[in-house]
Structure formats: structure tokens, C-alpha cells
Amino acid sequence: MDAKLYSRVTPEQVDNPDILVFNRALSDDLGIDTEEITGQILSGQDLLEEPIAQAYAGHQYGSFTVLGDGRAMILGEHVHNGNRYDIQLKGSGRTPYSGRGDGKATVSSMLREYLYSYAMANLRINTSRSLAVVETDESIERRQTEPGAILVRVMNSHIRYGTFQYVASRAPGELEAFTEYVIDRHYPHLNNSDRKYVEFFDEVMEASVEMVVDWLRVGFIHGVMNTDNMSIDGETFDYGPCAFMNYYDEDAVFSSIDKHGRYAFGNQQKILKWNLERFAESLEPLCSDSTVTFDEIQAKLDSFEDIFEAKYYTMMRQKLGITSDGAEAVVDEVLDWLRTSGADYTNTFLELENPGSFDDPIYSSPEFEQIQEKVAEVGLDENLMKQANPRYIPRNYLVENALTQYVEGKDLSRFKALLNVLQNPYESNEATSRFQEPPPKEFDSEYTTYCNT
Ligand code: AMP
Ligand code: MG
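Residues numbered from 1 in each chain as written. Chains lettered and ligands numbered in written order. Predicted model: local features only at pLDDT ≥ 70, side-chain atom pairs only at ≥ 80, totals over all residues. Heavy atoms only, no water.

(A) Geometry of the site of ligand 1. By nearness alone, 18 residues border ligand 1, and Gly68, Gly70, Gly103, Asp228 and Asp238 come closest of all. In this structure, an oxygen atom belonging to ligand 1 sits 3.3 Å away from a side-chain N or O atom of Tyr56. The separation between an oxygen atom of ligand 1 and a polar side-chain atom of Asp238 is 2.8 Å. Expressed as a share of its isolated accessible area of 490 Å², the protein-covered part of ligand 1 is 87%. Elements with a contribution of two residues or more to the shell around ligand 1: strand E3 (52-60) and strand E4 (63-68). Residue composition of the shell around ligand 1, grouped by class: 2 nonpolar, 9 polar and 7 charged. (Near = heavy atom within 4 Å. Polar contact = N/O pair within 3.5 Å; in protein donor to acceptor, adjacent residues only side chain to side chain. Areas by Shrake-Rupley, 256 points an atom, 1.4 Å probe, with all protein chains shown as cover. Helix = DSSP H or I, 4+ residues; strand = E, 2+ residues; numbered from the N terminus. Nonpolar A, V, L, I, M, F, W, Y, C, P; charged D, E, K, R; others polar.)

Now the structure itself:
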């Protein structure tokens with residue numbers, strides 16, 4: 001018999017839920033009446049319908065595993081102004097997929113996810129968004145004991161490559177109906193095409209490539225690109241062990257369990273291809289009795305590198321303010337310089353745009369002057385650069401600092417100051433220039449991030 005794709009679940013009872021942060025811009029997008037919002041509602045204590053936990057599978061660090069929402073519950077789908085939103089609670093208690101986990105989350109990890117998703121959205125990167133963090137009065141034991149918290153997460157869809165892997169392996173009789181459902185909900189313009197499965201694969205690939213190229217643009221390291229964390233809408237999600245790169249290093253990896261750098265900054269393109277291969281395999285059974293063949297999906301996969309490279313160079317040209325096509329050699333020289341100098345990735349582009357912005361000897365070296373001259377010959381269009389290069393990213397040390405201040409002193413002022421800066425990451429502001437400083441190198445060389453906290 002085909003396995004079930006979800007289970008009905010009930011959020012655990014919490015006493016005195018306390019709203020720590022609430023995202024007004026997102027609630028406006030959702031058309032929610034904020035007057036009505038309480039900690040009770042945001043922690044799932046006051047429900048209209050029984051939530052669901054989704055079943056899914058995934059390749060975790062290369063190994064196939066059957067999983068599901070172990071600490072997440074989807075409250076339902078909300079439609080506003082023609083947009084569909086899945087509203088989910090993370091950290092609201094155990095589900096049938098929790099295994100030995102407690103189904104809970106610590107307040108620091110949920111504040112961390114809130115902040116990263118907020119930054120990514122304002123960096124104009126396709127991402128899950130966070131409506132609120134609600135603290136509970138429970139104690140959660142992880143590396144340290146902390147209050148528990150629930151994050152209200154909003155995405156177009158929580159369906160992942162791994163959901164397809166689950167259906168293909170555990171509920172193969174549902175694969176066609178499931179794929180039709182996903183196309184109808186999320187790629188409805190493909191509904192009437194007789195090549196829709198190939199086109200669906202192609203569009204998922206395109207959305208995912210755009211997402212990862214955007215990560216490379218801002219120095220984002222997702223940290224846990226398992227296929228269960230890859231959305232079919234190209235939305236960045238599952239902000240666990242993620243981090244931003246400061247000093248340019250393609251091997252940069254911060255996750256405590258990523259010992260071999262599988263998900264390192266510079267490996268994200270290759271891993272995306274690998275993940276798409278797994279996604280393609282889950283669609284293969286659909287190709288046998290339809291008008292499309294798996295060769296057509298394979299041909300799309302074969303074009304991955306060309307598509308990725310083209311989008312990558314377009315993105316890098318924008319970062320360098322190059323309005324023409326080509327100039328790959330200049331982009332490559334800048335990358336070479338970044339690799340050998342290990343300069344701060346974000347600030348290097350700001351320095352190129354506005355020489356003298358940073359008082360760092362690395363930018364007075366003859367090597368950098370050469371780079372400046374070469375870029376000046378073909379690029380430095382200010383408008384392009386201002387749109388592509390953030391002035392602010394969530395610097396790892398500032399994030400940790402803000403979280404520590406809250407966990408140790410119940411003080412959210414640094415956290416809120418960071419949110420404030422990250423509200424407009426493309427706009428410079430003299431008053432907040434200290435948020436542009438990279439950490440001491442030793443900080444990043446020891447910085448470690450964690451899954452499932
Ligand atoms: P990933 O998202 O790839 O890191 O995989 C983590 C899996 O473990 C997901 O299926 C989560 O739902 C589950 N999980 C993480 N933390 C917990 C927890 N505290 N309790 C139960 N399940 C968890
Ligand atoms: Mg996950």
C-alpha cells in the first residue's frame with residue numbers, strides 16, 4: 001500500500017507564549033489584521049483546523065533517508081492578493097516523524113533563523129520568511145539550556161525535492177497525481193503542455209540555479225543542502241548551520257558536521273547539480289507512459305553547467321558594474337585576486353565602487369590597484385553595482401553577539417539593531433558603518449554552526 005504523505009498533528013500546549021519579534025512587512029503582505037494577533041495564535045494554541053506534518057525523504061550528506069517534519073507543522077494555506085502562502089510552525093512539538101527528537105527548538109536558533117531569512121528577503125533573494133518568534137516557558141537542552149521558542153515560517157510551498165523522492169520510493173502509485181498537484185499549484189502555466197514534466201523539471205532547475213547564484217552573489221553558505229532542504233520553488237529555506245562568508249574562501253564551511261566541506265561555499269554549484277540529479281530520478285517513472293522521455297530530462301541536466309555559468313557570469317558582471325556581455329577574463333582575474341588575498345568579499349566590491357571606503361592595507365596593494373584599473377576599463381557602472389552589492393550582510397560575529405546578549409541578558413537591543421540595518425542592506429548609512437566591519441580572522445576560523453538546535 002502507498003504510504004501516507006502527511007499526518008495530522010496537534011501543537012503541544014505552551015503556557016505564556018511571548019512574542020519576541022514580529023515581522024510587520026510580512027504580515028502586511030499576508031493581509032493579516034495585526035490587532036488580532038496574539039502569542040496564543042502564533043504558537044498554535046488557537047486553531048481553526050488540525051495542522052499537518054509532511055512526510056518526505058532526502059539525501060542527507062549523500063545518503064538516502066526517509067524523514068518528515070520532525071518539529072514543524074503546517075497550519076494551512078493562506079491566499080492573499082493571488083499569492084499562496086504555507087504557514088508553518090517550527091518547534092511546536094513532536095510529530096510522527098520526530099524519531100528521538102523532542103520536536104522543539106531553542107530561542108537562539110529560532111531568532112537566528114528569523115534574522116537570516118529577514119536578511120535574505122531584504123537582499124532580494126528568494127527565501128522562506130519568518131512572521132514571528134514566540135518564546136515559550138520551557139527549558140530546552142542542547143549544547144546549553146535555553147528557553148524554547150516557536151518560529152512562524154511562511155513559504156510559497158514546503159514541498160521539496162525530497163518530497164518527490166518520498167513519493168517515488170514510498171508511494172509510487174501517487175507520483176503522477178502528486179506531480180500534477182504540484183504543477184497545478186506552483187507551475188500552473190504548464191498545465192496544458194504535453195511536455196509538462198520536462199518543463200516542470202526545467203523550471204525547478206532554473207529557479208534553483210537562480211537561488212544558488214544569488215547565494216554566491218552575497219557570500220551565503222547554506223550549510224545543509226540535503227535534498228530535503230531544496231524547495232521546488234527555488235526558495236532558500238532551513239536556516240540551520242548557514243553563515244555568511246566574510247574573507248573570500250571557496251572552502252569556507254562552518255557547519256559542525258560538514259567535516260569534508262560537502263556544502264562549502266564554492267561547492268554549492270556542484271551540489272545543486274547532484275541534488276537535481278536525485279530530483280530527476282524521482283520523476284523518471286513518469287516518463288515511461290507519457291509523451292516525454294527521460295532523455296529529455298537528462299538533456300536538461302546536461303545543460304546545467306552552461307546555464308549556471310551563464311547566470312553566474314551575468315551576476316558577477318553586475319557586481320563589477322560591467323554593462324556589456326563577455327568580460328569573463330576580468331571576472332576571473334577578480335576571483336583570482338580574491339582567492340589569493342582572502343579579502344573581505346562584501347567590502348571588496350564596495351571599495352571598487354567607491355575607492356577609499358575602507359581603511360584596509362589590502363586595498364592599497366599594487367595587486368589590488370591593478371584589479372581596479374582592469375575593472376575600470378570595462379565596468380564600474382554605479383547603478384548596477386548598487387543593486388548587486390549589499391552594503392550590509394549579517395556578519396557572523398554580530399549575529400552571535402546579538403544572540404548571546406539575548407540568551408544571557410534577555411536583552412534584544414543588539415538583535416533589533418541588526419534587523420534595522422538589514423532592513424535596507426543596499427543603502428549606506430554613515431551611522432551604521434560599523435556593521436560593515438569583518439570580524440577578526442580568528443573569529444571566522446573558529447566559528448561553528450549547528451543543525452537541529
Ligand atoms: P535537516 O533539515 O536536513 O537538518 O534534517 C533534519 C531532520 O530532523 C528534519 O526532518 C527535521 O524535522 C528533524 N529534526 C530536527 N530537529 C528536530 C527535533 N528537535 N525534534 C524532532 N525532529 C527534528
Ligand atoms: Mg530540513
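(B) Layout of unusual backbone geometry. In this structure, Tyr61 is a non-glycine residue whose phi angle is positive, near 50°. With respect to the helices and strands, Tyr61 occurs in the loop between E3 and E4. By relative accessible area, which is 27% here, Tyr61 ends up partly exposed. The backbone of Asp238 shows a phi angle near 70°, a positive value even though the residue is not glycine. Mapped onto the elements, Asp238 comes out in the loop between strand E9 (220-221) and strand E10 (243-244). (Buried < 20%, exposed > 50% of the residue type's maximum accessible area, 1.4 Å probe, protein only.)

(C) Local environment of the environment of Glu35. Among the structural elements, Glu35 can be located in the loop between helix H1 (24-30) and helix H2 (39-42). A residue is classified by how much of its surface remains accessible, and Glu35, at 73% relative accessible area, is exposed. In this structure, the C-alpha to C-alpha distance between Glu35 and Gly76, residues 41 residues apart in sequence, is 21 Å.

Read these as layout, nothing more, since geometry by itself doesn't imply function.
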